[in-house]
Amino acid sequence: LNMLTFGEADLGTNLKLLSQALAAFEAAGYLVGQSRITSNLGFAYQSLGLYRRARRLHVRAEEIHRATGLVDQVYAALELATVEMEIGHLKAAHAYLAEAAAAVATIPQDRFLHFYLPMVSGRLAMLGGDFPAALRHYKLVVKLLRNGEQPAFEMNALARLAHVHL
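Residues numbered from 1 in each chain as written. Predicted model: local features only at pLDDT ≥ 70, side-chain atom pairs only at ≥ 80, totals over all residues. Heavy atoms only, no water.

J.: Sorry, what's going on with the pattern of salt bridges here?
T.: Any two side chains of opposite charge can pair, so long as their charged atoms come close to each other. Per the counting criterion, the structure on display carries six salt bridges. Across the pair Glu63 and Arg60 runs a salt bridge, and its minimum N-O distance is 3.4 Å. Residue Glu63 and its partner Arg60 are both found in helix α4 (residues 51-68); the two are separated by three residues, about one turn of the helix. Classification of Arg60 by relative accessible area gives partly exposed; the value is 41%. For Arg66, the salt bridge identified is with Glu62, shortest N-O distance 3.2 Å. Of this pair, Arg66 and Glu62 both sit in helix α4, separated by four residues, roughly a single helical turn. (Salt bridge = Lys/Arg side-chain N within 4 Å of Asp/Glu carboxyl O. Helix = DSSP H or I, 4+ residues; strand = E, 2+ residues; numbered from the N terminus. Buried < 20%, exposed > 50% of the residue type's maximum accessible area, 1.4 Å probe, protein only.)

Now the structure itself:
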């Protein structure tokens, strides 16, 4: 059910599918599935602008992540940093970002983490008015994604890089 949401444009359908998937993982007692679905529910509510609800879901996911492994905890910290930025709590976002950055050094190479951390860092720098730092972060993301197998992420990084230049 979770995989069906990735290409689904209807947010109502997305929320329904994610809720069904969460219920299935809860019934099975599968913590990794619960944590990831809870995070995805958080993203869905973020896209609706319901940041406080998204934050509650990401906090819940982080609690579950603590039982499932370090990589998931890092993603949870980055997700919480993103929500805090959207709410305007830049100090809290910095704290979550610092937590994630400290843990990244101890994690083997992850498919997304290597560019996700500087992407979130660039957004936070931009919101804080530190445009030179934002440029450095986004240039790193573009470099990491260049000629990779993640064209959508590369386009997002290029768009954010252009935004900083504007």
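J.: Would you explain the layout of surface pockets in this entry?
T.: Picture a little ball the size of a water molecule; that probe, rolled over the atoms, points out where space is still empty. Space inside the largest pocket adds up to approximately 1,200 Å³. Lining the largest pocket are 31 residues, with Phe43, Tyr75, Glu79, Tyr116 and Phe153 positioned closest to its centre. For the lining of the largest pocket, the secondary-structure elements that each account for two or more residues are α1 (2-5), α3 (31-47), α4, α5 (70-87), α7 (113-127) and α9 (151-165). Residue contributions to the lining of the largest pocket peak at eight residues, all from α3. Class assignment for the residues of the lining of the largest pocket results in 16 nonpolar, eight polar and seven charged. (1 Å grid on protein atoms, 1.4 Å probe; cavity = no way out; pocket = protein on both sides within 12 Å on 5 of 7 lines; lining within 4 Å. Points joined across faces, edges and corners; volume = space filled by probe spheres on them. Nonpolar A, V, L, I, M, F, W, Y, C, P; charged D, E, K, R; others polar.)

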